[in-house]
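Residue-level structural notes
Take a look at the letters that make up each chain.
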Amino acid sequence: MGKNRFVTYTEDDRAIVRQGIEAIKKVLQGNDADRKRSMLFCLDWFMDLYYGQDISDIKEKLIELLQQMIISHDNEIDIKEDALGLLMDYEWGPFPILEEHIDELEEELKPDAGYVCNMHRENKDK
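Let me sum up the structure you'll find in this document. Small disclaimer: the values here were computed from a predicted structure and weren't measured. (Residues numbered from 1 in each chain as written. Predicted model: local features only at pLDDT ≥ 70, side-chain atom pairs only at ≥ 80, totals over all residues. Heavy atoms only, no water.)

1. Topic: the overall build of the chain
Helix and strand content of the chain: seven helices and zero strands. Counting helices and strands in the order they occur from the N terminus, the chain gives α-α-α-α-α-α-α. In terms of C-alpha radius of gyration, the chain reaches 14 Å, essentially the compact-globule figure of 14 Å for 126 residues. Here the C-alpha coordinates of the chain stretch approximately 35 × 30 × 25 Å along the principal axes. (Helix = DSSP H or I, 4+ residues; strand = E, 2+ residues; numbered from the N terminus. Rg over C-alpha atoms; globule rule 2.2 N^0.38 Å.)

2. Here's the deal with helix 7 (residues 110-122)
If you check helix 7, its first and last C-alpha atoms are 17 Å apart, about what 13 residues at 1.5 Å a residue would give, namely 18 Å. Its axis deflected by about 30° at valine 116, helix 7 carries its strongest bend there. Listing the buried residues of helix 7 in full gives Ala113, Gly114, Val116, Cys117, Met119 and His120. At its buried positions, helix 7 is contacted by helix 5 (77-90) and helix 6 (96-101). (Expected span 1.5 Å × (residues − 1). Bend = angle between axes of the 7 residues up to and from the residue. Buried < 20%, exposed > 50% of the residue type's maximum accessible area, 1.4 Å probe, protein only. Contact = heavy atoms within 4.5 Å.)

3. A look at the side chain of aspartate 48
Structurally, the position occupied by aspartate 48 is in the loop between helix 3 (33-47) and helix 4 (59-71). For the buried aspartate 48, no salt bridge is present, and the opposite-charge side chain at shortest range is arginine 14, 11 Å distant. Of note is the side chain of aspartate 48, whose polar atom sits 3.4 Å from the side chain of tyrosine 90. (Lys, Arg positive; Asp, Glu negative; His and termini not counted. Salt bridge = Lys/Arg side-chain N within 4 Å of Asp/Glu carboxyl O. Polar contact = N/O pair within 3.5 Å; in protein donor to acceptor, adjacent residues only side chain to side chain.)

4. Observations concerning unusual backbone geometry
Residue proline 94 follows glycine 93 across a cis peptide bond; omega there is 5°. With respect to the helices and strands, proline 94 occurs in the loop between helix 5 and helix 6.

By themselves, these observations are geometric and do not establish any function.
Have a look at this one:
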């Protein structure tokens, strides 16, 4: 990660996630980088099975949205890293959008993106 930063989220962020993918998309495709960081941190809580949150109704669209965030030229590198981290920590490919655009990513993202794109191939016994 680049610069040190403090990111938190509120009950309002949780409420946005509970509203569904369109509400999440509005934040993550918006122009406020701090809101994006907060939403990604909030999504970490929802995606972590430990906390028992059921997001199965939005999971596929969320995975697609996270991939789009990583390849978007509009997002700062730390936001892309956070989105990539969510895929790395909680999901299990394939990630076709990311795979298709991996060569277009910033050099510092390529190693982790390559790992994420191949997790499901290399660890089939899981």
